[in-house]
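A closer look at the structure
Spelled out, the chains give:
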Amino acid sequence: MKTLKARSMQGLILFDIDGTLLRPGDLAHQQSLVDSVRAVYGIEPSLEGVPLGGMLDSQIVRLALEKYQVPAGDIGDGLPSVMEQMGRRYLELLGDDDRRSWLLPGVDELLARTAPGFTLGVLTGNASGVARAKLMAAGIDHYFSFGAFGDSADHRHELVPVAIEQAEQKLGTVHQAGDVVIVGDTPRDIEAARESGASVIAVATGRYPVEELSQLDPDLVLSDLSEVENVYQALAKLTAR
């Protein structure tokens, strides 16, 4: 007989990285993508005209290669290798760089406040190796034992069930989409929440201002995460539904 697992009483909070936890504009990340595409496909890709905000690294690679009429089958065959190489190349470019100064206002305090009462994970478009290196360089990797990454799905909203599954595998916590709050800085974070049944807090610390994010009707819009106790109470309210 199959044993039914109890639903976790903790809400699952999924943080985006670039523009949410860390300031955006990581040129080493972009360079790792370009170098890895060149190594696998023999093409010097241009990211000009390719949307970056809220996109998965796998989507960015596909769009960049489509500009060169690379067949879809060839893109799919080489994509796992690109994602793997991106992590290694990013570590090379990062070197000993300390990214603690890249933490956005309130982030360190908010993670310390929420870690005891919530299940924390990341939901990011970064390839997994890149994401883990960023979190480690910023000194916040110990808050996140799991995540859903830009090499885990084809579309951002598909990362939510991946994160739920990872939470169960890594921590034994069982969640439903209604227990989940995405914290992100782009319209695509809001869209991913709506398409997956999660709640969403939008924060204007990336490329999009409060006014533009508000038009997409997230559950809450903030200029940043510096009012830690207010953010904590908002998370508690959204996960208590």
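Right above here is the structure, for reference.
Here, residues in each chain are numbered from 1, in the same order as that chain's written sequence. Local features in this predicted model are restricted to residues of pLDDT 70 or higher, and side-chain atom pairs are both shown and tallied only at a pLDDT of 80 or more, whereas totals for entire chains, interfaces and linings draw on every residue. Side-chain descriptors were evaluated using all non-hydrogen atoms of the structure, hydrogens and water having been removed beforehand.

The next thing to look at is the packing of helix α3 (residues 72-94) against helix α5 (residues 128-137). Here an axis means a line fitted to C-alpha atoms, over the contact stretch when the element is a helix, while the angle between two N-to-C directions is reported on a 0 to 180 degree scale. Numbering of helices and strands runs from the N terminus; a helix is a DSSP stretch of H or I covering at least four residues, while a strand is a stretch of E covering at least two. Packing of α3 against α5 brings their axes to within 7 Å, and their N-to-C directions diverge by 30 degrees. As summarised for this structure, α3 and α5 are arranged roughly parallel, according to the angle between their axes. On α5, the residues touching Met86, Gly87, Tyr90, Leu91 and Leu94 of α3 are Gly129, Val130, Ala133, Lys134 and Ala137. All residues other than Ala, Val, Leu, Ile, Met, Phe, Trp, Tyr, Cys, Pro, Asp, Glu, Lys and Arg, Gly among them, are scored as polar; the first ten of these are nonpolar and the last four charged. Counted by class, the contact of α3 with α5 contains seven nonpolar, two polar and one charged residues. We call two directions roughly parallel when the angle between them is under 35 degrees, roughly antiparallel when it is over 145, roughly perpendicular when it lies between 65 and 115, and oblique otherwise. Note on contacts: a residue pair qualifies if any of its non-hydrogen atoms lie within 4.5 Å across the two residues.

In this structure, Asp35 sits in helix α1 (residues 27-41). Exposure remark for Asp35: the relative accessible area of 11% places this residue in the buried category. As for Asp35 and Val82, which are separated by 47 residues in sequence, their C-alpha atoms are 9.1 Å apart. Not counting chain neighbours up to four residues away, the residues in contact with Asp35 comprise Arg89 and Leu93. Here the side chain of Asp35 touches Arg38 through a polar contact of 3.1 Å, side chain to side chain. Whether a residue is buried, partly exposed or exposed follows from its accessible area with a 1.4 Å probe, protein chains only, as a fraction of its type maximum: under 20%, in between, or over 50%, in that order. As used in this structure description, the phrase polar contact means that two N or O atoms lie within 3.5 Å; if the pair is within protein, one of them must be able to donate a hydrogen and the other to accept it, and residues adjacent in sequence are counted only when both atoms belong to side chains.

Let's shift gears to the packing of α1 against α3. For the pair α1 and α3, the least separation of the axes is 7 Å and the interaxial angle reads 135 degrees. Judged on the interaxial angle alone, α3 and α1 are oblique. Viewed along their axes, α1 and α3 form a crossing whose handedness is right-handed. Residues Ala28, His29, Gln31, Ser32, Leu33, Asp35, Ser36, Val37, Ala39, Val40 and Tyr41 of α1 pack against Asp74, Ile75, Gly78, Leu79, Ser81, Val82, Gln85, Met86, Arg89, Tyr90 and Leu93 of α3. The class makeup of the residues in the contact of α1 with α3 is twelve nonpolar, seven polar and three charged. Helix crossings are classified by the rotation of the near helix relative to the far one: an anticlockwise turn of less than a right angle makes the crossing left-handed, while a clockwise turn makes it right-handed.

So, on to the packing of aromatic side chains. Between rings of Phe, Tyr and Trp, where Trp is taken as its six-membered ring, a pair exists when centres lie within 6.5 Å; planes separated by under 30 degrees are stacked, by over 60 edge-to-face, and by other angles tilted. Within the structure shown, the criterion is met by two aromatic pairs. Only when the NZ of Lys or the CZ of Arg is both within 6 Å of the ring centre and within 35 degrees of the ring normal is a charge said to sit over the ring. Cation over ring: Arg99 sits above Trp102, and NZ or CZ is 4.0 Å from the ring centre. A cation sits over an aromatic face here: Arg113 above Tyr232, 3.6 Å from the ring centre.

An α-helical turn contains 3.6 residues, so a residue and the one three or four places further along point in the same direction. Every buried residue of helix α4 (residues 107-114) is listed here: Val107, Leu110, Leu111 and Thr114. Here the buried residues of α4 occupy an arc of 100 degrees about the axis, which is enough to place them on one side. In this fold, the buried residues of α4 make contact with β1 (12-15), β2 (119-123) and α9 (228-239). Think of it as the arc spanned by the lines of direction from the helix axis to the C-beta atoms.

Spatial relationships are all this shows, so hold off on functional conclusions.
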